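Chain residues, written in single-letter form:
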Amino acid sequence: MPRSNPPTSAARTTRDEGPGHTLRRLVNPRSLRWKVAAGVAAAACAMALGIGLLVHRTTEERDMNIGRGRAIEALTEAEAAFRGEQPVPSPPAERLVYLVGDDVPDPLLERIGSRPASDPVTWYDTRKPLQGPRMWAAGRVDGTALAVHVDMSSDWRSRQALDRHMRYAALATLAVVVPLTVLAAELVLRRLRRVAGTARRIKHGDLDARTRSRGHDEISDISGAVDLMADALQDRLRNEQRFTADVAHELRTPLTGLVTATSLLPESEATDLVRDRVRVLRSLVDDLLEISRLDAGAEEADAQPVPLGELVAESVQRTSLETDVSVIGDPVVETDPRRLDRIVTNLILNAHRHGTAPVTVLVEGATIVVRDHGPGFPREVLDHGPQRFRTGAAERGHGHGLGLTIALGQAHVIGARLTLANADAPSGAVATLELPR
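Residues numbered from 1 in each chain as written. Predicted model: local features only at pLDDT ≥ 70, side-chain atom pairs only at ≥ 80, totals over all residues. Heavy atoms only, no water.

**Things to note about the overall build of the chain**
How we decide: By definition, any uninterrupted DSSP run of H or I lasting at least four residues is a helix, any uninterrupted run of E lasting at least two residues is a strand, and each is numbered from the N terminus. By the convention used here, residues are in contact when the closest approach between their heavy atoms is within 4.5 Å. Using the Shrake-Rupley algorithm and a 1.4 Å probe, accessible areas are obtained, with residue cover drawn only from the displayed protein chains.
Helix and strand content of the chain: eleven helices and eleven strands. Sequence-distant contacts in the chain: of pairs separated by 6 or more residues, those separated by 24 or more amount to 64%. Accessible surface computed for the chain: about 25100 Å², of which carbon and sulfur atoms make up 56%.

Have a look at this one:
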């Protein structure tokens with residue numbers, strides 16, 4: 001099975017998943033976990049409020065009915081005492097006050113003013129909160145207003161205690177429900193992050209990455225869709241790689257004959273032109289063959305100690321292009337010199353072909369920086385990496401776009417990281433190759 005493609009650009013690596021990133025993810029207020037927790041907390045609060053209001057109103061209505069019954073019963077006894085039919089009830093027993101005539105409170109007089117004598121009225125009095133609420137009952141006996149009240153303080157305090165206990169219970173429920181909701185959401189988000197991580201790995205070139213999620217819910221559907229997309233993408237890419245390799249191999253045989261035929265042509269300006277085009281075609285076929293080997297994963301590095309400064313200087317010299325080389329120290333790395341030479345050569349040729357002089361090469365430690373002073377890499381190249389047969393922009397010149405692709409593939413083989421960026425001031429393209437130490 002062919003090995004997955006290397007990342008399209010080392011500058012677009014996956015996000016750091018260390019403790020700092022995990023902490024930022026946990027405290028991110030826009031995270032789905034906190035939105036779910038907030039929704040559950042709001043629903044729990046609404047439910048607690050609804051149940052609390054219902055219990056409060058039901059309890060209050062029950063207390064009012066009981067208070068009215070007690071007040072009317074006390075009024076009946078007071079009416080009998082007023083007529084002399086029985087003794088006046090003991091106030092400590094019922095904690096009632098027996099008022100006659102002008103001593104009756106005005107709100108109570110207004111209520112009984114137009115009522116029949118046989119129809120008593122009740123009134124819940126909260127005018128004196130320090131003494132506690134009272135339930136009044138009043139009526140008329142032979143044209144005389146008669147009123148009694150019973151103390152409702154104990155019922156009122158019981159309702160306050162009930163409300164307080166319901167608030168405590170609601171807070172305790174939230175303290176348990178919210179963490180459990182966050183935990184439950186985390187189990188779901190972990191699966192979503194696994195799907196997102198697989199998609200990022202596929203984006204960066206790991207076409208063997210799969211979620212392999214099992215289940216019958218919506219997240220499993222998303223995971224299955226990502227896996228199907230990766231399978232289709234991998235099949236398509238393999239077909240393209242196979243086509244590229246087949247074309248390169250098929251072209252190599254007639255191209256060899258064409259090179260031989262051009263060597264037999266008489267010397268002339270037309271012959272030189274033909275030989276130059278054949279040389280370009282041969283270079284293109286060699287590049288296609290190299291890319292097909294890189295795609296197939298058939299390339300392996302032959303690492304050995306290499307004096308980095310000397311190797312870069314020799315690579316620059318073989319290009320026969322005017323390039324400034326600066327070497328800091330005497331760095332030695334263990335790498336494949338042939339592949340490193342190929343990478344450096346391609347970067348220098350790309351800088352001269354698509355950039356503007358001066359082109360500089362800086363070697364420091366295990367890092368090689370190639371820079372030109374042209375318009376810089378196009379945004380498409382920086383966002384999506386170098387692509388075959390595309391140079392990205394007209395101002396970057398002409399070419400088949402294989403140089404950077406080969407450099408990136410060879411860097412992957414030797415375990416190096418190739419980063420493409422643009423300089424701020426002055427403008428220019430910067431290619432940084434970081435070799436393993």
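**A closer look at the environment of A366**
With respect to the helices, strands and loops of the structure, A366 is situated in the loop between β8 (359-364) and β9 (367-371). For the pair formed by A366 and L435, sequence separation is 69 residues and the distance between their alpha carbons is 5.3 Å. Residues contacting A366, with those up to four places away along its chain left out, are L308, V333, L433, E434, L435 and R437.

**Observations concerning the pairing of strand β3 (residues 134-141)**
How we decide: Relative accessibility thresholds used throughout: buried, under 20% of the residue-type maximum; exposed, over 50%; partly exposed, between the two (1.4 Å probe, protein chains only). Note on pairing: two strands pair once DSSP finds at least 2 bridges between them.
Among the eight residues of β3, seven are classified as buried, and the element is accordingly described as predominantly covered. As paired strands, strand β2 (residues 121-125) and β3 are joined by five bridges and run antiparallel to one another. Of the residues in β3, the one forming a bridge with V121 is A138. The sheet contact formed by β3 and strand β4 (residues 144-151) spans eight bridges and is antiparallel. Across the sheet, residue G139 finds its bridge partner in β4, namely L146. Between β3 and β4, which pair antiparallel and follow one another directly, the connecting turn spans two residues, one of which, D142, has a positive phi of 55°.

**Digging into the nonpolar core**
In plain terms, the rule: Among buried residues, the Ala, Val, Leu, Ile, Met, Phe, Trp, Tyr and Cys ones that are joined through side-chain atoms within 4.5 Å form a nonpolar core.
Ranked by internal contacts, the top residues of the largest apolar core, which has 33 residues, are I368, L418, L433 and L435. Contributing elements (two or more residues each) for this core: α8 (308-319), α9 (337-354), β8, β9, α10 (379-384), α11 (403-413), β10 (417-422) and β11 (429-434). Counting residues per element, this core draws most heavily on α9, at six residues. The contact partners of L433, leaving out residues within four places of it in the chain, are L340, I343, A366, T367, I368, A411, A416, R417 and L418. In terms of nonpolar packing, the next biggest core, distinct from the first, is built from twelve residues, M64, A74, A78 and V141 among them.

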